[in-house]
Amino acid sequence: MFDSILEYLESIDPILAAFYATMFTWFLTALGAAFVFFFKTMNRALLDGMLGFTGGVMVAASYWSLLAPAIEMSEGEGFVKVIPAAVGFLLGAIFLFGLDKTLPHLHINFKETEGIKSPWQRTTLLVLAITLHNIPEGLAVGVLFGGVAAGIPEASIAGAVTLAIGIGIQNFPEGIAVAMPLRRMGASRRKSFMYGQASAIVEPIAGVLGAVAVTFFTPVLPYALAFAAGAMIYVVVEEVIPETQQDKNTDIATLGFIGGFIVMMSLDVALG
């Protein structure tokens, strides 16, 4: 089945392939959010474990799918070879830092509001928090497909699809992490689901933009890959990991992180 998917995606425009791949990652977010139709609450320890898993996938994807290819495709030797990856990584982190400080958002525990002051409802702020996570994820998938379109040997359809699968897997608990707290606050099942799935709508947008940018500006590919990696690592360190440390489930969250890292690493090595 995986080979059939690859053959199909290789036969169509890479930008369209990026759109399909990121629609898949959105779909798994919506699937996770759909849990609100069956449950009103979820055990906090389980939620922390799933968030830890999300962090592990994002860290593994940042290296195996983004940083390593960025370094490999860069020219030069020694420190010169790593400059594009280092610069892109830093810019990605700075980009998310800027969004984090300006875009109003609310953490899942409903205790910490960040960004500029806003009259927006807490439900909207929570969705924006998860949307911050999804921007670099969609961008990462799109950039890899853009690299395929540009004919870069280090960028492959298999690698791009593998990354999309990994991102999609970790998007499933993210959908739950948005929808369940809203349901617990008293929002209707339908409203909780709609907000939950809406948090990932940005992924197809970022994916297509990333693919288009790399297609027309091929030299930026290593910078773009590292940019996505830096943004993802910033999200993990600043948002995901602290969120899992709010209660007494730190061990569960840590084990979830390890599990997520192993899953993404295995997918990338076996399929990518």
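Residues numbered from 1 in each chain as written. Predicted model: local features only at pLDDT ≥ 70, side-chain atom pairs only at ≥ 80, totals over all residues. Heavy atoms only, no water.

J.: What is the right way to read the overall build of the protein chain from this model?
T.: Helix and strand counts for the protein chain stand at 10 helices and two strands. In sequence order, the secondary structure elements of the protein chain are arranged as α-α-α-α-β-β-α-α-α-α-α-α. Each of the 272 residues in the protein chain was classed as buried or not, and the buried ones make up 53%. Here the analysis covers contacts within the protein chain between residues at least 6 apart in sequence; of these, 80% occur between residues at least 24 apart. As displayed, the protein chain offers around 11,900 Å² of accessible surface, 70% of which is attributable to carbon and sulfur atoms. (Helix = DSSP H or I, 4+ residues; strand = E, 2+ residues; numbered from the N terminus. Buried < 20%, exposed > 50% of the residue type's maximum accessible area, 1.4 Å probe, protein only. Contact = heavy atoms within 4.5 Å. Areas by Shrake-Rupley, 256 points an atom, 1.4 Å probe, with all protein chains shown as cover.)

J.: How do you make sense of helix α10 (residues 250-271) when you look at a structure like this?
T.: Residue pairs three or four apart in sequence face the same way in an α-helix, which turns once every 3.6 residues. The end-to-end C-alpha separation of α10 is 31 Å, in line with the 32 Å expected for 22 residues at 1.5 Å each. All buried positions along α10 are accounted for by Ala253, Gly256, Gly260, Met264, Leu267 and Asp268. End-on, the buried residues of α10 take up no more than an arc of 95 degrees, which puts them together on one face. Of the exposed residues in α10, those oriented more than 90 degrees away from the buried face are Asp251, Leu255, Val269 and Ala270. Those residues of α10 that are buried are in contact with α3 (44-73), α6 (157-185) and α9 (221-244). (Expected span 1.5 Å × (residues − 1). Arc of directions from axis to C-beta.)

J.: Explanation requested: the nonpolar core in the structure shown.
T.: One recurring pattern in soluble globular proteins: nonpolar side chains tend to sit buried together. In this structure, Leu66, Phe145, Leu163 and Leu225 are the most contacted members of the largest nonpolar core, which totals 49 residues. Ignoring sequence-local partners within four residues, the contact set of Leu163 consists of Ala61, Ser65, Leu66, Ala140, Val141, Leu144 and Met264. Of all hydrophobic cores here, the second largest spans 13 residues; its members include Ala30, Ala33, Met42 and Phe193. (Core = buried A, V, L, I, M, F, W, Y, C linked by side-chain atoms within 4.5 Å.)

J.: Please explain a nonpolar patch on the surface as it appears in this structure.
T.: Taken together, the side chains of Val80, Ile83, Val87, Leu90, Leu91, Ile94, Phe216, Phe217, Val220 and Tyr223 make up a nonpolar region of the molecular surface, amounting to roughly 950 Å² of accessible area. Its place among the elements puts Ile94 in helix α4 (residues 79-102). (Patch = residues over 30% accessible without salt bridge, like charges linked within 9 Å, V, L, I, M, F, W, Y side chains within 5 Å. Salt bridge = Lys/Arg side-chain N within 4 Å of Asp/Glu carboxyl O.)

J.: Whenever I open this one, the side chain of Asp48 confuses me. Can you help?
T.: Following the sequence through the fold, Asp48 ends up in helix α3. On the accessibility criterion, Asp48 (0% relative accessible area) is buried.

J.: Looking at this structure, how should I read the side chain of Asn171?
T.: Relative to the elements of secondary structure, Asn171 occurs in helix α6. In terms of polar contacts, Asn171 uses its side chain to reach the backbone carbonyl oxygen of Thr25, at 3.1 Å. Polar contacts involving the side chain of Asn171 include one to the side chain of Thr29, which spans 3.2 Å. Residues contacting Asn171, with those up to four places away along its chain left out, are Thr25, Leu28, Thr29, Asn134, Glu137 and Glu203. (Polar contact = N/O pair within 3.5 Å; in protein donor to acceptor, adjacent residues only side chain to side chain.)

Purely geometric numbers; function is a separate question.
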